[in-house]
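Reading the structure
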Amino acid sequence: MAKAPVSSEIKPVYVLHGSDAFLLDAARKEVLQAVVADADPQTCVASFEADAELAAVLDELRTLPFLAPRRLVIVRDADAFVAAHRDALETYLQEPARHAALVLTVLSWPSNTRLAKLVAKCGAVSDCSAAGEAQVGRFIAQAAARRGKKVAPEAAELLADWIGADLAHLDNELEKLSLYVGTRETIVVADVTALVTAIAGPASFALSNAITDQSAKAALDALAGMLTQRGDEFKTLGSIAWQVRRALAAQEKIAAGERAEYALPNMPSFQKAKFISLLKRRPLAKMQGDMRRLLKADLSMKSGGDPTAVLEELVIGLCT
């Protein structure tokens, strides 16, 4: 599990190591917020890939920030970069730029190297290794607490049993559960069995994928598989609402100038390409229209409208 890489004092270097993409992304966002606060990342964040040139990285670190308190320079998949420029990084950290922070995301970070010992003194290290079974319960409690909720022990055990150590999936489910329980403080077993089994089943994933792919026929087929008993209509509407809200939130961030890699919601990597394609095909104005469709469907169902017809009209609108 990731250890908080941020303290009250901004560090010149942050090392995020491990293989869990969810934890790496969460740690990166925490550093981003600490270093540049509410400044526009477009003006003060530079991101490099594994083949980054040392001179380019150092130039960015030494460039004064524009419309921001500090600059943030990120090198992703930086194992080879660190190996190739270890001596130069040690030299830089002897007198780092005061107005910038360097983030290195690496798969491994041996603590016995001279560079690691130097980082331990002047920087911060965050362990983003994949969570083990013993850590999943703590993650569930922390994720619920961020949303102002508690999870009953039996409910946490059930979530852990069904989903395991997939933290991105767990975080998504806790987001839905928090919305589902409303003002109630504690998520209980009945909430998990009512929502996660129904919404996280094959038909729900099929509906979500069909809407992402903009396939009305596939969405209608998946919808039919979800409406099997009384009460399923509002659970299904909740699942659709969750997808519409996260797509709209991402599109609003992009429209405000945020890079797509920061705007994307947490999701398995294989789904990201499809989600990016959806964002390209469906501009902000259309997604705002999707939210209006969603609100209209909710009102219609609560006013006595036929749930199947209302939901069919909604998914067709979301796919065209």
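Above: the structure in question.
Predicted, not measured: the structure shown is a model, and the values here were computed from it.

For the rest of this paragraph, the subject is the overall build of the chain. Each helix and strand counted, the chain has 17 helices and seven strands in total. The dimensions of the chain, computed from C-alpha atoms along their principal axes, are 70 × 45 × 30 Å. Counting the 320 residues in the chain, one finds 47% classified as buried. In the chain, the share of contacts with a sequence separation of at least 24, taken over all contacts with a separation of at least 6, comes to 75%. As presented, the chain carries roughly 15,700 Å² of accessible surface, and 54% of it is formed by carbon and sulfur atoms. Once the 37 positive and 39 negative side-chain charges of the chain are each reduced to a mean point, those two points are 3 Å apart.

With that settled, consider helix α12 (residues 216–226). Of all the residues in α12, the buried ones are Ala 219, Ala 222, Leu 223 and Met 226. When α12 is viewed along its axis, its buried side chains cluster within an angular range of 105° and face the same direction. Residues Lys 217 and Ala 224 are exposed on α12 and point more than 90 degrees away from its buried face.

So, on to the pattern of salt bridges. According to the stated counting rule, one finds 16 salt bridges in the structure shown. Asp 171 serves as the salt-bridge partner of Arg 146, at 3.1 Å between the closest nitrogen and oxygen. In this pair, Arg 146 is assigned in helix α7 (residues 133–146) and Asp 171 in helix α9 (residues 167–181), connecting sequence segments 25 residues apart. Salt-bridge contacts for Asp 298 lead to Lys 302; the nearest nitrogen and oxygen are separated by 3.2 Å. Placement of both Asp 298 and Lys 302 in helix α16 (residues 284–302) is noted, with a separation of four residues, approximately one turn of the helix. Take Asp 298: its relative accessible area is 24%, and that puts it in the partly exposed class. Given the relative accessible area of 59%, Lys 302 is considered exposed. Bridged by salt links that share partners, the residues Arg 146, Arg 147, Asp 171 and Glu 175 form one connected network.

Reading guide: rules and limits
- Residues numbered from 1 in each chain as written.
- Predicted model: local features only at pLDDT ≥ 70, side-chain atom pairs only at ≥ 80, totals over all residues.
- Heavy atoms only, no water.
- Helix = DSSP H or I, 4+ residues; strand = E, 2+ residues; numbered from the N terminus.
- Buried < 20%, exposed > 50% of the residue type's maximum accessible area, 1.4 Å probe, protein only.
- Contact = heavy atoms within 4.5 Å.
- Areas by Shrake-Rupley, 256 points an atom, 1.4 Å probe, with all protein chains shown as cover.
- Lys, Arg positive; Asp, Glu negative; His and termini not counted.
- Charge placed at Lys NZ, Arg CZ, Asp CG, Glu CD.
- Arc of directions from axis to C-beta.
- Salt bridge = Lys/Arg side-chain N within 4 Å of Asp/Glu carboxyl O.

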